[in-house]
Amino acid sequence: MAFDLSYGLGGFVASTSANIPDFGADLEPIFNLERVGLEFQIASDFVAVQVANNVIILALASNRLLRIDLHNPQDVDDVDLPKKANEVGTIQNIFLDPTASHLLITTTHGENFYLHSRATKARHLNRLKGVVIESVAWSPAQPTTSTREILLGTQDGTVYECYIEASEEFMRRDERYMKQVLKVQDGQPITGVFVDALPGQMDLRRVVVTTPTKIMHFVGKITRHGHDIAPIFTRFFESEVASVQEFKEPSSKSYSMLSISPEPKDDYGGERYYAWLSSTGVYHGSLYTAPATSHLGTRVFAGSKLLTKSALPNAKGEITSIALTHWHILVLCGTTVYAISRLDDSVVFQEDVSDDGSKILGICMDPKNSTYWVSTSGSIYEILETKEDRDVWRLKMADKSFDEAYRYAENAHQKDTVAVAQGDHLAAQGLYIEAAAVYGKSSKSFEEVCLTFLDYNEADALRKYLLTKLSALKKSQIMQRIMVASWLIEVFMSKLNTLDDTISTKAELNMGGEIQAKTQLAQVRAEYQEFINKYKGDLDRDTTYEIISSHGRREELLYYATSINDYSYVLAYWIQREKWIEALDVLKRQSDPEMFYKYSSVLMTGAPMDTVNILMRQSNLNPRHLIPAMLNYNKDTMVPLSQNQAVRYLQYVINQVGNNDAAVHNTLISIYASHLSKDETALLSYLESHAADSQYDADFALRLCIQYGHVQSCVHIYSSMGQYYQAVELALKHKNIELASIVADRPEGDSALRKKLWLAVAKEVISQSEGIKTAIEFLKQCELLKIEDLIPFFPDFVVIDNFKEEICSALEEYSRHIDMLKKEMDESAKTAENIRNDILALDTRYAIVEPGERCYHCQYPLLSRQFFVFPCQHAFHSDCLTAQILKQAGAGKKKRIQTLQSEISKGMATGRARERAVEELDGLIANACILCSEFAVKTIDQPFIGPEDDKDEWAL
């Protein structure tokens, strides 16, 4: 036998005959009831059905058990009870643990059997003979090899602790022990038992026990006995007092059971829920895990609520079975299946089970896989669930559980709805700041929210709302972001001013509370700074400056300007108020040269020394752009040159930095020349130190010096320009004979010019001298002047006797000079005669070549072909010498040698032309010995051993 492989959510083929009611206009139902089609024939009716861990157990009236793994429904395990029905009775109920590893079977005669998932035969539990099991609490550890400690609730109101482990040993029972741990006083059946491990301590347990009329909640520690297998709940029930919730029993036909929700998924959190079916209705709530004391039961029952039968529309008959999903309670009332929301008790699903005359057995649930099943004596139905948490957000929102509503909201619209509702709720309670944070994330009308806060004078809430709203706006919403950010600036400024006023008022009236106000002021200022740092890109610069300035908030204004790197604004702000220290503090932290160029003029006026100190520390400045600032400062200052800061800076860039810009040098000259002191020392010192490089404009400097009457400087500039005559003339014009004499001596390489200059000086000296002797003595400083050069400058009436000694000395000097010239002529004639004799001797010069002498290059006999012999006695073959010369010759010489060789060898030149070609070729080749002349020096870097030589010949 087998099930169809194409099964639905639970692993079976669903019948298409089920009618799906329309519970929503545009949403499919959360639950659907679909009949499972079986591909095999059932010989007898179902008496019990259980599902766990995707395994379904079908108990038949014929005492057969069908075990089907829904992953592989084609494989069906068929197990029979080991004894006949007339001996043990028929199967009454079965209990399956969450792992589907352990199955307990109870019969109508009070016999009980155990079937393990790996076993093919059920084992009789002798110790449980006569015990009618109504409920089972499996171990929270969920073991698979043995049941570990389990609790069995019986029909007579007793709770037993049992440990079952299948064993093949002879005479060893499967139930290792069985011990009564609890007996209810009224003897009502134990319709439900549940054991849960509480967090915090390993041995802490929660036990829930139900009867038809009451539910008991125990919390305590179990007692273990080392590694021995022994009861652990005996002292638990003896020492712990239960929290009890009791309802009166209306009739003897009432049904009762306990259902626990499936194991929680990540989406549903960690808590589980319970539902207890009693005669009164369905009592359900959360199984809280704290506090882990005996008071936990009281908290559980306090948060529970009762669902009565009257909440079920068109209910017929009694509620016979229940099961919990994660968010709903499945209720079987008569032949109708209802799904009721745990949160608001609303009915979200209602459908009748097909009435084919079969007995309805009940609802069961797979705690591992969250699948739900309805069984009758002849059919199996699956309750299919589709996003059962889709309305949880709305229900949580209605219950004011907004955080949970956010968690279960699936889309932006739902989350926005929750945000609006939460904001309205907080605002209604007067929690405007908290409401602002929520409103900012919602789509509630911006105008409505803002007007609400303004009407109630909630400036802090408005600020919070605008900040949250700004963070939620998209980057593409540029205008909206600018407007909101600008409004926030206004709000911040108003708040800061209000706090300042509050502090001042309290301080004047001695009201106290200044510390709290100051703390709040610091907090708001920090919040403002954080806002600026985060949203400065959303602020319009001019608008922001205008808003902050209108409130007179200097610190906030400067902080904003600094944050957007508008240091120009900060500098202008301090400069307008003549706060030079603050301005310079901003300037020295800048690296943009334009900042220095822009503000250096005014800063040089207000704080020249500190400004220059800062400028000297900047290596990326072009001093040319600072010239206007220096000239402007120099125009208004009256300090000596030694204290002039413009001079100090220009000297630094010229002398220390080494600036060569002519404009910079000219500026320094201009300041030197225009200074009121008329002292030329500094100017002349500069001109003398830069005479060689001439980095300044000499014409410009000359005009300035002439304009301001600096004679020495003018003379120096004329001299540096080579205009010595103008320099001497200017010095003489100002009666400065000494300066003129110094200049006249400067053109040392040009005797004629020097003499001309000295003649000009001599003329001036003679014209100013009172005595002829004095003038003549002064003019002896120049050796170029002769007495005959000076005579024209003396007056006509001067007596010749005054020059007698000078004239005699001059004549004697001429006589000595003539004798010297005659001697030199004689020596030159003798030298010429010697040269003529040497030339004649060249014609008779010869060299002796021995018969065995060899060429110094190729080492072959020298007489074998044409050769050259040098005075140093080195001899070479003509072709060997030519080859060596060509290796070292330049391109021009090499080409000429090759041309001459071609003309001679091909007979292109004849007669006298050939003789000249041979003579020229010999001159090019045999100009010098290649071993003794410069030729040998040029080859000094060549190795002794060449690539063609045998290196072994040089071995030692």
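Residues numbered from 1 in each chain as written. Predicted model: local features only at pLDDT ≥ 70, side-chain atom pairs only at ≥ 80, totals over all residues. Heavy atoms only, no water.

> What should I look at first to understand the overall build of the protein in this one?
The helix and strand tally for the protein stands at 33 helices and 31 strands. Within the protein, the fraction of its 956 residues that count as buried is 45%. Contacts spanning at least 24 positions in sequence make up 52% of the contacts within the protein whose residues lie at least 6 apart. (Helix = DSSP H or I, 4+ residues; strand = E, 2+ residues; numbered from the N terminus. Buried < 20%, exposed > 50% of the residue type's maximum accessible area, 1.4 Å probe, protein only. Contact = heavy atoms within 4.5 Å.)

> Help me understand the pairing of strand S17 (residues 214-221), please; the structure alone is not making it clear to me.
By the criterion of burial, S17 is predominantly enclosed, with seven of the eight residues buried. Between strand S16 (residues 204-210) and S17, which pair antiparallel one after the other, the connecting turn spans three residues. Looking at chain direction, S17 and strand S18 (residues 243-246) are connected through four bridges and run antiparallel. Paired with His-217 across the strands is Ser-243, a residue of S18. (Pairing = 2+ DSSP bridges.)

> Please clarify how the sheet that holds strand S4 (residues 55-60) should be interpreted in this entry.
Think of a sheet as strands paired side by side through backbone hydrogen bonds, with each pair either parallel or antiparallel. Taking strand neighbours across the sheet as the criterion, the four strands line up as S3-S4-S5-S6 in an open arrangement whose pairing is antiparallel. This sheet does not close on itself; its edge strands, each paired only once, are strand S3 (46-52) and strand S6 (76-80). Averaged over all pairs of adjacent strands, the angle between their axes in this sheet comes to 15 degrees, without regard to strand direction. Across five bridges, S4 lies against strand S5 (residues 64-69) in antiparallel orientation. (Axes fitted to C-alpha atoms, helices over the stretch in contact; angles between N-to-C directions.)

> Any chance you could explain the pairing of strand S27 (residues 360-366) here in plain terms?
Regular strands have side chains that alternate between both faces of the sheet. Within S27, five of the seven residues are buried, which leaves the element mostly enclosed by the surrounding structure. Strand direction decides the pairing type here: S27 and strand S28 (residues 371-376), joined by six bridges, are antiparallel. Looking across to S28, one finds that Ile-363 is bridged to Val-374. Hairpin geometry of S27 and S28 is characterised by an intervening segment of four residues between the two adjacent antiparallel strands and by a positive phi of about 55 degrees at Ser-370.

> Hey, could you run me through the environment of Phe-935 in this one?
Among the secondary structure elements, Phe-935 is positioned in helix H33 (residues 934-938). Residues Phe-935 and Ala-889, 46 residues apart in the sequence, show an inter-C-alpha distance of 9.5 Å. For Phe-935, the residues in contact, after removing those within four places along its chain, are Gln-884, Ile-885, Gln-888 and Ile-930.

> I keep staring at the side chain of Ser-243 and nothing clicks. Help me out?
Relative to the assigned elements, Ser-243 resides in strand S18. The contact partners of Ser-243, leaving out residues within four places of it in the chain, are Ile-215, Met-216, His-217, Ser-294, Gly-297, Thr-298 and Phe-301.

> What is the right way to read the pattern of salt bridges from this model?
Here the structure, examined in full by the defined rule, presents 32 salt bridges. The salt bridge involving Asp-345 is made with Lys-305; its shortest N-O contact spans 3.9 Å. Of this pair, Asp-345 sits in the loop between strand S25 (336-341) and strand S26 (347-352) while Lys-305 sits in strand S22 (residues 305-307), and the two are 40 residues apart along the sequence. For Arg-463, the salt bridge goes to Asp-460, with nearest N and O atoms at 2.9 Å. Here Arg-463 and its partner Asp-460 are both found in helix H9 (residues 459-472), three residues apart, which amounts to about one turn of the helix. Residue class for Arg-463 comes out buried when judged on its relative accessible area of 7%. Each of Asp-500, Arg-525, Arg-553, Glu-555 and Glu-556 takes part in one network of salt bridges that share partners. (Salt bridge = Lys/Arg side-chain N within 4 Å of Asp/Glu carboxyl O.)

> Before we go on, may I ask you to explain helix H7 (residues 432-439) in this structure?
Residue pairs three or four apart in sequence face the same way in an α-helix, which turns once every 3.6 residues. Turning to H7, its buried residues number three or more, namely Tyr-432, Ala-435, Ala-436, Val-438 and Tyr-439. Axial view of H7: buried residues confined to an arc of 165 degrees, hence all on one face. (Arc of directions from axis to C-beta.)

> It is not clear to me how a negative patch on the surface should be interpreted in this structure. Could you clarify?
A cluster of acidic side chains, namely Glu-948, Asp-949, Asp-950, Asp-952 and Glu-953, defines a negative patch on the protein surface. Glu-948 gets classed as exposed once you look at its relative accessible area, which sits at 66%. (Patch = residues over 30% accessible without salt bridge, like charges linked within 9 Å, V, L, I, M, F, W, Y side chains within 5 Å. Areas by Shrake-Rupley, 256 points an atom, 1.4 Å probe, with all protein chains shown as cover. Lys, Arg positive; Asp, Glu negative; His and termini not counted. Charge placed at Lys NZ, Arg CZ, Asp CG, Glu CD.)

> Before we go on, may I ask you to explain the packing of aromatic side chains in this structure?
The description of an aromatic ring pair rests on the distance of the ring centres and on the angle between the ring planes. Scanning the model with the defined rule gives 28 aromatic pairs in all. Between Tyr-432 and Phe-453 the ring centres are 6.3 Å apart and the planes differ by 85 degrees, which places this aromatic pair in the edge-to-face class. Highlighted residues: Tyr-432 in helix H7 and Phe-453 in helix H8 (residues 446-455), separated in sequence by 21 residues. There is no split in this pair, since Tyr-432 and Phe-453 are both buried. Look at Phe-446 and Trp-487: their rings are 6.1 Å apart centre to centre, the planes differ by 70 degrees, and that puts the pair in the edge-to-face class. In this pair, Phe-446 is assigned in helix H8 and Trp-487 in helix H10 (residues 478-509), connecting sequence segments 41 residues apart. Take Trp-487: its relative accessible area is 27%, and that puts it in the partly exposed class. Feature note: the residues Tyr-432, Tyr-439, Phe-446, Phe-453, Tyr-456, Tyr-465 and Trp-487 constitute an aromatic cluster, connected by ring pairs. (Phe/Tyr/Trp six-rings, centres within 6.5 Å; stacked < 30°, edge-to-face > 60°.)

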